[in-house]
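Chain by chain, the residues run as shown.
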Amino acid sequence: MTDSHAPILITGGAGYIGSHTVRLLASQGRKIVVLDNLVFGHDQAIIDPQVELVVGEVGDQALVRALFEKHQFQAVIHFAAYAYVGESVTNPLKYYQNNTAEPIKLLQVMQEFGCKVFVFSSTCATYGVPDKLPITETNIQKPINPYGNSKLMVESILADCDTAWGLRSACLRYFNASGCSPDGLIGEDHNPETHLIPRVMMAVTGEIEYLEVFGTDYETPDGTCIRDYIHVEDLADGHARALDHLAAGGASVRCNLGTGVGVSVKEIITAVEKVSGKTVPVKYGPRREGDPPSLVADPSLAKELLGWVATRTNILDMVGPAWIWTTGPNAGHYPANKS
Ligand code: UDP
């Protein structure tokens, strides 16, 4: 058992999923220290004044040791990672360095300090092209790109650390993170932005000329790819529950965080048109390399082990807040990302 009021170290807490999780945990009265190098994160995404932001690298062991000495963390949530699949193919070492080697350095410090609770951002990309749908945790994990591999390696490392020194971990395999905080204060802002929903928003507002649909000849009902879009606040809730499970002495878990509902690219466009009242300028292009036709979670294990279910399963529940973020005071971009 760990003290649930002890401070938590959250790496990458200024990023998209990290910042929503930080906000939820802070609202639950937990003491949080965020470690983020702000390469892709935004200091403006940390809105709770009681959250301490430390700007630095996960692999800077002197810094991380100093933070452990000061705060005596009993748990770590590790978000910090690179997540551009295409870039991982052309520059794999960057991904293995940042996503695999850096967390090893963090784990070494955790071992030194006897910190044995680790919540890890894993991904449905560890499954590659699924051998069956919906995807359960028993699907074969066979990534088709270095990004997925870099995450799967950490899953293996965590299992070995559990055996060797009792590190208990939760590997949360996210499906497509989407949506934003409904009050529009924090949201999704990547630079470059490659994800579907924000790009559809950018097409609607004229920030880009049109949305290119990657492939219309998939074996899906409307020919476009199907994904499982999970609201970022539901993901945040998954982290809070995983933390509670481990803090209460629960065993390591590996589970999907998805809704179980598949939505096509064309259905996303229709949903954005509905919430915005505008027409999305669209061009139909060829398939994007490496895109599996359909990725949909079976989320039942997370319910069984963590008592977690996605509370939003209608795509309008994701796209609606994303539109609020796009049209709100930040207009979809934190100040540093405004061009
Ligand atoms: N997609 C698209 N146009 C875009 C961006 C994405 O048609 O400008 C498609 C992409 O091919 C995939 C789906 O939207 O089928 C979701 O892509 P995203 O990059 O958001 O997430 P991924 O599933 O690749 O992690």
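Our subject is the structure that appears above.
Residues numbered from 1 in each chain as written. Predicted model: local features only at pLDDT ≥ 70, side-chain atom pairs only at ≥ 80, totals over all residues. Heavy atoms only, no water.

K.L.:
Can you walk me through the site of the ligand in this structure?
P.N.:
Neighbouring the ligand are 15 residues, the closest being L196, E212, R227, R288 and D291. L196 has a polar backbone atom sitting 2.8 Å from an oxygen atom of the ligand. When the ligand sits alone it has 510 Å² of accessible area, and the protein chains cover 87% of it. Counting residues per element, the ones that place at least two in the shell around the ligand are α6 (196-205) and β8 (211-214). Among the elements that line the shell around the ligand, the one with the most residues is β8, at four residues. (Near = heavy atom within 4 Å. Polar contact = N/O pair within 3.5 Å; in protein donor to acceptor, adjacent residues only side chain to side chain. Areas by Shrake-Rupley, 256 points an atom, 1.4 Å probe, with all protein chains shown as cover. Helix = DSSP H or I, 4+ residues; strand = E, 2+ residues; numbered from the N terminus.)

K.L.:
What should I look at first to understand the sheet that holds strand β1 (residues 8-11) in this one?
P.N.:
Backbone-to-backbone hydrogen bonds pair the strands of a sheet. The strands run either parallel or antiparallel. As summarised here, the arrangement of the seven strands in space is β3-β2-β1-β4-β5-β6-β11, forming an open sheet in which the pairing is parallel. A single partner strand is all that each edge strand has here, and the edge strands are β3 (52-55) and β11 (253-257). Between one strand axis and the next, the sheet turns through 20° on average, direction left out of account. Pairing of strand β5 (residues 117-123) with strand β6 (residues 168-174) involves seven bridges; the strand directions are parallel. Pairing of S121 across the sheet is with L172, part of β6. (Pairing = 2+ DSSP bridges. Axes fitted to C-alpha atoms, helices over the stretch in contact; angles between N-to-C directions.)

K.L.:
Would you take a moment to explain unusual backbone geometry for this structure?
P.N.:
The phi angle of most residues is negative, glycine excepted, and most peptide bonds adopt the trans form. Cis geometry marks the peptide bond from L133 to P134; its omega dihedral reads -10°. Structurally, P134 is set in the loop between β5 and α5 (146-165). Backbone geometry at L38 places phi at a positive 60°, although glycine is not the residue there. Tracing the sequence through the fold places L38 in the loop between β2 (32-36) and β3. Its relative accessible area of 24% is what places L38 among the partly exposed residues. Even without a glycine there, the phi angle at Q72 is positive, about 50°. Within the secondary structure, Q72 sits in the loop between α2 (61-71) and β4 (75-78). Since its relative accessible area comes to 47%, Q72 is described here as partly exposed. (Buried < 20%, exposed > 50% of the residue type's maximum accessible area, 1.4 Å probe, protein only.)

K.L.:
How do you make sense of the nonpolar core when you look at a structure like this?
P.N.:
Across soluble globular proteins, nonpolar side chains show a tendency to be buried alongside one another. Counting residues in each nonpolar core, the largest one holds 40 residues, and the members touching the most others are I10, L25, I32, I77, V119, L172 and L243. Broken down by element, this core gets its largest block of residues, six residues, from helix α7 (residues 232-247). Aside from chain neighbours lying at most four places away, what touches V119 is V76, I77, H78, A170, L172, H239, A242, L243 and L246. I208, V265, A271 and W323 belong to the second largest nonpolar core, which has 25 residues in total. (Core = buried A, V, L, I, M, F, W, Y, C linked by side-chain atoms within 4.5 Å. Contact = heavy atoms within 4.5 Å.)

K.L.:
Hey, could you run me through the environment of N98 in this one?
P.N.:
The topology assignment puts N98 in helix α4 (residues 92-113). By relative accessible area, N98 is classed as buried at 15%. Taking the C-alpha atoms as reference points, N98 and A81, separated by 17 residues in sequence, lie 6.3 Å from one another. With residues near it in sequence (within four places) discarded, N98 still touches A81, Y82 and P103. A polar side-chain atom of N98 sits 3.4 Å from a polar atom in the side chain of N99.

K.L.:
Just to check I follow, could you spell out the packing of helix α8 (residues 265-276) against helix α10 (residues 315-327) for this structure?
P.N.:
Helix-helix packing: each pair is described by the crossing angle between the helix axes and the interaxial distance. One way to put it is that α8 packs onto α10 with a least axis distance of 9 Å and a crossing angle of 55°. As summarised for this structure, α8 and α10 are arranged oblique, according to the angle between their axes. Where α8 crosses over α10, the handedness of that crossing is right-handed. Where α8 approaches α10, its residues I268, A271, V272, K274, V275 and S276 are matched on the opposing element by I315, L316, V319, G320 and W323. Counted by class, the contact of α8 with α10 contains eight nonpolar, two polar and one charged residues. (Parallel < 35°, antiparallel > 145°, perpendicular 65-115°, else oblique. Left-handed = near helix turned anticlockwise from the far one by under 90°. Nonpolar A, V, L, I, M, F, W, Y, C, P; charged D, E, K, R; others polar.)

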